[in-house]
Amino acid sequence: MLAVHFGAGNIGRGFIGKLLSQAGYEVCFVDINETVIDELNKRNRYTVEILGEESEQITVDGVRGINSQKNPEAVVDAIAEADLITTAVGPTVLKLISSVIKEGIAKRMVAGKDPVNFIACENMIGGSSLLKDAVAEKMNEAERESLNEYAGFPDAAVDRIVPNQSHEDPLKVAVEPFYEWVVDQTMMIGHVPDIAGLTYVNDLAPYIERKLFTVNTGHAITAYLGYQAGTNTIKEALEDKGIYSDVKKALEETGELLQQKHGFESSKHDAYITKILSRFLNPHLVDEVTRVGRAPIRKLGPNDRLVGPARQLVELNKEPTYLAKGIAAALLFDPQNDEEAATIQNKIKEDGITNAITSFTEIQEGDQLFQIIMKHFEEMK
Ligand SMILES: NC(=O)c1ccc[n+]([C@@H]2O[C@H](COP(=O)([O-])OP(=O)(O)OC[C@H]3O[C@@H](n4cnc5c(N)ncnc54)[C@H](O)[C@@H]3O)[C@@H](O)[C@H]2O)c1
Ligand SMILES: O=P(O)(O)OC[C@@H](O)[C@@H](O)[C@H](O)[C@H](O)CO
């Protein structure tokens with residue numbers, strides 16, 4: 001069995017590739033990072049370190065790689081032969097890989113291959129659906145009409161904290177012990193593979209919203225408030241009592257929304273929040289606020305982890321004060337080497353904060369939420 005996985009980065013090697021290899025797949029990573037691909041082909045294995053109470057080293061084998069910049073034809077061939085295709089490249093890269101995926105599916109169509117599933121493992125709602133739309137856009141009419149016979153694009157939620165790595169070995173990846181991979185079974189096509197660690201569900205919405213609006217909302221607000229306070233890591237930021245309290249209150253806000261929308265039991269959701277905060281405080285993880293806050297334009301998007309729940313709470317006549325504080329802090333995030341952060345800062349400088357808020361979040365000047373964000377922004381700047 002062959003699995004093709006796009007993105008041999010932190011989550012690709014540290015989570016998805018590991019589970020697929022352990023499920024018996026030969027895992028072919030596709031990436032543009034030459035060093036990583038060359039090393040994968042030299043060794044055909046790598047090490048995952050689990051950062052728990054006691055560290056554990058696991059060897060992941062049966063792996064290889066293709067450099068998609070140098071050898072796109074090999075990627076098309078691999079897709080044509082694959083039994084499963086997954087991605088963890090980042091939401092904005094999905095469109096970039098859709099051309100080669102389209103070619104791979106077209107090749108399967110010509111050869112009359114069995115249908116295959118593409119699972120985008122990105123932090124977003126509807127990642128696989130977005131990939132499908134991008135692929136379909138590139139197809140001719142006949143290909144588009146038969147796309148549903150040849151390929152499934154089940155949406156997914158993935159959860160495992162994998163910080164940036166700093167080992168001498170470029171393949172080694174250190175991860176937290178916790179993991180969760182949930183896939184919408186109703187969107188699968190053909191054979192539904194049994195993969196230990198992957199849970200199929202019939203309704204993904206409660207899982208992806210709970211994950212994105214708790215883990216990623218809490219993470220992002222910790223990162224942005226931590227950055228303002230001058231801390232380097234998520235753990236250091238949360239050790240600040242004021243930041244801990246703000247993050248917890250923001251998660252109580254999203255918790256109220258999630259419980260109302262999905263009927264989660266209050267005590268169970270409180271336990272979920274507590275567990276997540278303890279994951280952020282894992283003493284063995286060194287997770288920089290600049291990684292967790294990365295790409296703030298994406299994170300300030302109208303449906304993403306900050307503005308998404310805040311807008312929905314306003315619709316329920318609630319005032320999302322702590323989410324608004326996180327949004328204000330995101331607008332002030334300006335580390336070097338983060339292109340999106342630089343774009344936000346330039347926009348604020350050139351067009352003013354009002355235009356910046358409306359253009360990145362789609363929250364309008366007359367909205368109640370706008371006023372709360374502005375209040376926090378003025379206090380923090
Ligand atoms: N790290 C985490 O804790 C974590 C957890 C859950 C989900 N995610 C999600 O997984 C995705 C990847 O995150 P990450 O932390 O692994 O990032 P990462 O930067 O470590 O990995 C991304 C990989 O994609 C590769 N890539 C970039 N452009 C490419 C292209 N055109 N073709 C092929 N490969 C390309 C990069 O070279 C890199 O190796 C994101 O959507 C992220 O939100 C991350
Ligand atoms: O990957 P991002 O940029 O969407 O978000 C940064 C972190 O919050 C994220 O990578 C978490 O570590 C991960 O989602 C935990 O499952």
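Definitions and limits used
- Residues numbered from 1 in each chain as written.
- Chains lettered and ligands numbered in written order.
- Predicted model: local features only at pLDDT ≥ 70, side-chain atom pairs only at ≥ 80, totals over all residues.
- UniProt positions renumbered as here; feature names shortened; annotations may be inferred.
- Pairing = 2+ DSSP bridges.
- Helix = DSSP H or I, 4+ residues; strand = E, 2+ residues; numbered from the N terminus.
- Axes fitted to C-alpha atoms, helices over the stretch in contact; angles between N-to-C directions.
- Near = placed C-beta within 6 Å.
- Nonpolar A, V, L, I, M, F, W, Y, C, P; charged D, E, K, R; others polar.
- Domains from an automatic or database assignment.
- Buried ≥ 20, exposed ≤ 12 C-beta atoms within 10 Å, placed from the backbone.
- Contact = placed C-beta atoms within 7 Å.
- Left-handed = near helix turned anticlockwise from the far one by under 90°.
- Core = buried A, V, L, I, M, F, W, Y, C linked by C-beta atoms within 7 Å.

- The name an unreviewed UniProt entry assigns to the protein is Mannitol-1-phosphate 5-dehydrogenase, from the organism Guptibacillus hwajinpoensis.
- Under the heading Catalytic activity (unreviewed entry), UniProt records this for the protein: "D-mannitol 1-phosphate + NAD(+) = beta-D-fructose 6-phosphate + NADH + H(+)".
- In its Sequence similarities (unreviewed entry) section, the UniProt entry covering the protein states "Belongs to the mannitol dehydrogenase family."

**With respect to the sheet that holds strand 4 (residues 56–61)**
Here's step 1: Judged by pairing direction, the sheet is mixed, and its 3 strands sit side by side in the order 4-3-10 without closing on themselves. Taken across any chain shown, the strands that pair with only one partner, and hence form the sheet edges, are strand 4 and strand 10 (173–175). Each neighbouring strand pair of the sheet contributes to a mean axis angle of 30°, computed without reference to strand direction.

**Some remarks on the site of ligand 2**
Here's step 1: Lining the immediate surroundings of ligand 2 are N123, D159, R160, I161, V215, N216, H219, V292, R294 and A295.
Here's step 2: When residues in the shell around ligand 2 are grouped by element, the largest group, 3 residues, is from helix 7 (residues 205–229).
Here's step 3: By residue class, the composition of the shell around ligand 2 is 4 nonpolar, 3 polar and 3 charged.
Here's step 4: Of the domains in this structure, domain 1 (2–201) and domain 2 (206–380) are the two that each give at least three residues to the shell around ligand 2.

**Some words on the environment of I66**
Here's step 1: With respect to the helices, strands and loops of the structure, I66 is situated in strand 5 (residues 63–67).
Here's step 2: Assessed through the 24 C-beta atoms surrounding it within 10 Å, I66 is described here as buried.
Here's step 3: I66 has contacts with C28, V30, I37, N71, A74, V75 and A78, leaving out every residue within four places of it along the chain.

**Observations regarding the domain arrangement of the protein**
Frequently, the measure chosen for interface size is the accessible area removed from exposure when the parts meet.
Here's step 1: Annotation of the protein at the domain level lists domain 1 (2–201) and domain 2 (206–380).
Here's step 2: Using only C-alpha atoms to locate each centre, domain 1 and domain 2 end up separated by 28 Å.
Here's step 3: At the interface, 15 residues of domain 1 touch 16 residues of domain 2.
Here's step 4: Here the side of domain 1 that touches domain 2 is built from residues that sort into 9 nonpolar, 4 polar and 2 charged.

**As for unusual backbone geometry**
Here's step 1: We note that N44 has phi near 55°; this positive angle belongs to a residue other than glycine.
Here's step 2: Mapped onto the fold, N44 is located in the loop between helix 2 (34–43) and strand 3 (45–50).

**Details of the sheet that holds strand 7 (residues 116–120)**
Here's step 1: Strands sit in the order 5-2-1-6-7-8 across an open sheet of 6 strands; the sheet is parallel. The sheet is open, and its two edges are formed by strand 5 and strand 8 (151–152), each paired on a single side.
Here's step 2: Note: strand 1 (residues 2–6) against strand 2 (residues 26–31), 5 bridges, orientation parallel. Residue pairing in the sheet places H5 in a bridge with F29 of strand 2.

**A few points about the UniProt feature "domain: Mannitol dehydrogenase C-terminal" (unreviewed entry) in the protein**
Here's step 1: Mapped onto the present numbering, the UniProt feature "domain: Mannitol dehydrogenase C-terminal" (unreviewed entry) falls on residues 203–380.
Here's step 2: Helix makes up 74% of residues 203–380 and strand 0%, whereas the separation of the span's terminal C-alpha atoms amounts to 40 Å.

**Digging into the packing of helix 9 (residues 241–262) against helix 13 (residues 307–315)**
Here's step 1: With their axes 10 Å apart at the nearest point, helix 9 and helix 13 run at an angle of 65° to one another. Both helix 9 and helix 13 take part in a crossing whose hand is left-handed. On helix 13, the residues touching E253, T254 and L257 of helix 9 are P309, Q312 and L313.
Here's step 2: In terms of residue class, the contact of helix 9 with helix 13 is made up of 3 nonpolar, 2 polar and 1 charged.

**A short note on the site of ligand 1**
Here's step 1: Taken together, 26 residues form the shell around ligand 1, and within it G7, G9, N10, E122 and N123 come nearest.
Here's step 2: Among the secondary structure elements, those contributing two or more residues to the shell around ligand 1 are helix 1 (10–22), strand 2 and helix 4 (94–111).
Here's step 3: At 3 residues, helix 1 tops the list of elements feeding residues into the shell around ligand 1.
Here's step 4: A breakdown of the residues in the shell around ligand 1 according to their chemical character gives 15 nonpolar, 8 polar and 3 charged.

**Comments concerning the nonpolar core**
Burial of nonpolar side chains together is a common tendency in soluble globular proteins.
Here's step 1: If you look at the biggest cluster of nonpolar residues, it comprises 110 residues, and the most contacted ones within it are I79, A156, Y224, I327 and A330.
Here's step 2: The dominant element in this core, judged by the number of residues it contributes, is helix 7, at 11 residues.
Here's step 3: Counting contributing residues, this core receives three or more from each of domain 1 (2–201) and domain 2 (206–380).
Here's step 4: Setting aside anything within four residues of it in sequence, one finds I327 in contact with L300, L306, V307, A310, T361 and I373.

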